[in-house]
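Inside the fold
Letter by letter, the chains look like this.
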Amino acid sequence: MHIHRYERAILLLTGAFLAIAGAALVYSVLIENHRLPGPVRVVDPRTVRQTAPFDNPGLTQTGPSTYQVTMLAQTWSFTPQQIEIPRDSEVNFQITSVDVIHGFTIQGTDANLMLIPGQVSSTSVTFRTPGTYLLMCHEYCGVGHQAMFARVVVQ
Ligand code: CUA
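Residues numbered from 1 in each chain as written. Predicted model: local features only at pLDDT ≥ 70, side-chain atom pairs only at ≥ 80, totals over all residues. Heavy atoms only, no water.

Some points on a nonpolar patch on the surface
Where nonpolar side chains cluster on the molecular surface, the patch consists of Leu 25, Val 26, Tyr 27, Val 29, Leu 30 and Ile 31 and spans about 610 Å² of accessible area. Relative to the helices and strands, Val 26 is located in helix α1 (residues 5–30). (Patch = residues over 30% accessible without salt bridge, like charges linked within 9 Å, V, L, I, M, F, W, Y side chains within 5 Å. Areas by Shrake-Rupley, 256 points an atom, 1.4 Å probe, with all protein chains shown as cover. Salt bridge = Lys/Arg side-chain N within 4 Å of Asp/Glu carboxyl O. Helix = DSSP H or I, 4+ residues; strand = E, 2+ residues; numbered from the N terminus.)

And the structure:
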């Protein structure tokens, strides 16, 4: 069978790109230890407001420069609305939604979660630069979606 040389070149390039992408995926998982953010545990969204630690959402210091934030998402706000931490703090967020699917992203960081009723989502962020970071819902959740935000103030 005759294969035109341009066709052969395109096939070889395609194969090379696939091999590079596959190698990058294996490298990121095995060497860089990248993982998709998964649910940490399950909760009942009907009773989560009465279930520890979500009955007392807020900021807890867990070490010299580490914090945990327990957070609730609801149409159309986050609880707490603002957290204040010193610079160079590593903050672990534990968040769940009490009603519909919301999103979670923090401006200027790679934090990016889906908040699904019944699941606790988690991510950690180290804040090195002082300032006010906007924490936003990035999943359309109704007419008040654009007003759903909170703030992380790094001193
Ligand atoms: Cu919550 Cu959009």
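Focus: the side chain of His 102
Following the sequence through the fold, His 102 ends up in strand β7 (residues 102–106). Among residues more than four places away in sequence, those in contact with His 102 are Ala 73, Gln 74, Thr 75, Ser 97, Met 114, Leu 115, Cys 137, Glu 139, Cys 141 and Met 148. (Contact = heavy atoms within 4.5 Å.)

Concerning the sheet that holds β7
Read across the sheet, five strands follow the order β5-β11-β10-β7-β8 without closing on themselves; strand pairing throughout is mixed. Each edge of the open sheet is held by one strand with a lone partner, namely β5 (82–85) and β8 (112–115). Within the sheet, the average angular offset between the axes of one strand and its neighbour, ignoring direction, is 20 degrees. For strand β10 (residues 131–136) and strand β11 (residues 149–154), the ladder comprises six bridges, and the chain directions are antiparallel. Across the sheet, residue Leu 135 finds its bridge partner in β11, namely Ala 150. (Pairing = 2+ DSSP bridges. Axes fitted to C-alpha atoms, helices over the stretch in contact; angles between N-to-C directions.)

Here's the deal with the packing of aromatic side chains
Counted by the stated rule, this structure contains two aromatic pairs. Aromatic pair Phe 127 and Tyr 133: ring centres 5.1 Å apart, planes at 70 degrees, arrangement edge-to-face. (Phe/Tyr/Trp six-rings, centres within 6.5 Å; stacked < 30°, edge-to-face > 60°.)

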